[in-house]
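Chain by chain, the residues:
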Amino acid sequence: QVQLVESGGGLVQPGGSLRLSCAASNIHFSAYVTGWYRQAPGKERELVADARSDGRTNYADSVKDRFTISRDNAEKTVYLQMNNLKPEDTAVYYCNVRLSGGTTFGGNYWGQGTQVTVSS
């Protein structure tokens, strides 16, 4: 059974930092694109960042230059370093892994979500 276990969320003041982790198990991790999504109350889920096993990354404009996604293929873990956090970053953050070649026959998995709250 594929599992994605998230950790690292919490309450932080504006300007603070958090590091989210997502540990995967029972998959050939290097074959997957890894990403972070977030969903704020009353809003649609949005892509925050993703990373491929070859090192290519992509970021939403709202987090570019503040957040950094990274992955450790050997440990099957993806991270999201979040710096200079703003109140508008408050959301539930979800880890996602999906087959880079397509998910027609499956291969799309989600973590349980971790709450990030940025408030003074």
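All of these numbers come straight from a predicted model, not from anything done at the bench.

K.L.:
What exactly am I supposed to notice about the state of the cysteines here?
P.N.:
As used here, a disulfide is simply a covalent bond connecting the sulfur atoms of two cysteines. In this structure the tally under the stated criterion is 1 disulfide. In this model, C22 is linked to C95 through a disulfide, with the two sulfur atoms separated by 2.1 Å. Residues C22 and C95 are joined by a disulfide whose S-S torsion is about -85°; by sign, that bridge is left-handed. Here C22 is found in strand β3 (residues 18-25), whereas its partner C95 is found in strand β9 (residues 91-99), with 73 residues between them in sequence.

K.L.:
Would you mind going over the packing of aromatic side chains with me for this structure?
P.N.:
Each aromatic ring pair is specified by the distance between its two centres and by the angle formed by the two planes. Taken as a whole and assessed by the stated rule, the structure comprises 2 aromatic pairs. Taking the centre distance of 6.3 Å and the plane angle of 45° together, the rings of Y32 and Y109 count as tilted. With a gap of 77 residues between them, Y32 in strand β4 (residues 32-39) and Y109 in strand β10 (residues 108-110) connect regions that are remote in the sequence. Y32 sits in the buried class, given a relative accessible area of 8%. Classification of Y109 by relative accessible area gives partly exposed; the value is 27%. Lying across the ring of Y79, R19 places its NZ or CZ 4.0 Å from the centre. Seen from the ring of Y37, R45 lies directly overhead, with NZ or CZ sitting 5.7 Å from the centre.

Conventions and cut-offs
- Residues numbered from 1 in each chain as written.
- Predicted model: local features only at pLDDT ≥ 70, side-chain atom pairs only at ≥ 80, totals over all residues.
- Heavy atoms only, no water.
- Disulfide = S-S within 2.5 Å.
- Helix = DSSP H or I, 4+ residues; strand = E, 2+ residues; numbered from the N terminus.
- Phe/Tyr/Trp six-rings, centres within 6.5 Å; stacked < 30°, edge-to-face > 60°.
- Buried < 20%, exposed > 50% of the residue type's maximum accessible area, 1.4 Å probe, protein only.
- Lys NZ or Arg CZ within 6 Å of the ring centre and 35° of its normal.

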